[in-house]
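Single-letter residue listing:
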Amino acid sequence: MRNSSKCVFTGFGDKNSKIMFVSLCKKDDYFEGASGKILENAINNGLNLGKDSVYISLLLRCEISNSDAKNPALKSSFELCRPYLLEEIRLIKPKIIITLGEEAFMHLYPNLLSKGGFSSIRGSILKDDDRFIMPTFSPEWISKNPSFEENFIDDLKKIKGVI
């Protein structure tokens, strides 16, 4: 069975930013809805930047239907989309990549996952090749677990010394 995409997404924001956020896939319009407001708030309060000062991209580049989300071919969709994200990273040249959520981190940097799992490295600044990576919560997860929003903001505050 072949996956069909409704449309293709690319990253957006400041192409000269030293900060790139990578989300697993597009849930809704960024900076719209609860999760968008959480991300915007974290960028403002954690980084003291406006939302237009960062670059945001996605691992999964196409919109899939809800029925496709349970399809085992979803993993192959991530593998097919991964080279496009890696090329975008090469072109943007961020100093730090912030992966939003465990799945985004695991699909993009499986080699950096420690034995303690995601919770043991969340909020840590990791080194990979010539850039830094910080795995943290996804805004969607925070919207369901609002008591962790301050932790999310605190994670972002840690990168000030890197950028």
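Residues numbered from 1 in each chain as written. Predicted model: local features only at pLDDT ≥ 70, side-chain atom pairs only at ≥ 80, totals over all residues. Heavy atoms only, no water.

Undergrad: What am I meant to see in the environment of Phe-105 here?
TA: Within the secondary structure, Phe-105 is located in helix α4 (residues 102-108). Put simply, Phe-105 and Leu-59 are 46 residues apart on the chain and 9.6 Å apart in space, counted from C-alpha to C-alpha. If we ignore the near neighbours within four places in the chain, the residues touching Phe-105 are Thr-99, Pro-110, Leu-112, Leu-113, Phe-118, Ile-121, Leu-126, Ile-133 and Pro-135. (Helix = DSSP H or I, 4+ residues; strand = E, 2+ residues; numbered from the N terminus. Contact = heavy atoms within 4.5 Å.)

Undergrad: Any chance you could explain the packing of helix α1 (residues 33-47) against helix α7 (residues 149-157) here in plain terms?
TA: For any two helices packed against each other, the geometry comes down to the angle between their axes and how far apart the axes lie. The geometry of α1 relative to α7 is characterised by a closest axis approach of 8 Å and an angle of 50° between their N-to-C directions. What the angle tells us is that α1 and α7 run oblique. Judged by the sense of rotation from one axis to the other, the crossing of α1 with α7 is right-handed. Contacts from Ile-38, Leu-39, Asn-41, Ala-42, Ile-43, Asn-45, Gly-46 and Leu-47 of α1 reach α7 at Glu-149, Phe-152, Ile-153, Leu-156 and Lys-157. (Axes fitted to C-alpha atoms, helices over the stretch in contact; angles between N-to-C directions. Parallel < 35°, antiparallel > 145°, perpendicular 65-115°, else oblique. Left-handed = near helix turned anticlockwise from the far one by under 90°.)

Undergrad: What's the story with α7 in this structure? I'm lost.
TA: Three- or four-residue spacings in an α-helix give side chains the same orientation, since the helix completes a turn every 3.6 residues. Buried residues of α7: Phe-152, Ile-153, Asp-155 and Leu-156, and no others. Each buried residue of α7 sits inside an arc of 155° when the element is viewed along its axis, so together they form one side. Those residues of α7 that are buried are in contact with β2 (19-23), α1, β4 (96-100), β6 (131-136) and α6 (139-144). (Buried < 20%, exposed > 50% of the residue type's maximum accessible area, 1.4 Å probe, protein only. Arc of directions from axis to C-beta.)

Undergrad: I'm lost on the pairing of β4 in this one. Help?
TA: Look at any regular strand and the pattern is simple: side chains alternate between the two faces of the sheet. Burial analysis of β4 places 5 of its 5 residues in the buried class, which makes it a mostly covered element. Burial of β4 is two-sided: the residues Ile-96, Ile-98 and Leu-100 facing one way and the residues Ile-97 and Thr-99 facing the other way are all buried. Both β2 and β4 contribute to a ladder of 5 bridges, which runs parallel. Paired with Phe-21 across the bridge in β4 is Ile-98. Relative to β6, β4 is paired through 5 bridges, and the arrangement is parallel. Within the sheet, the bridge partner assigned to Leu-100 lies in β6 and is Thr-136. (Pairing = 2+ DSSP bridges.)

By themselves, these figures tell us nothing about what the structure is for.
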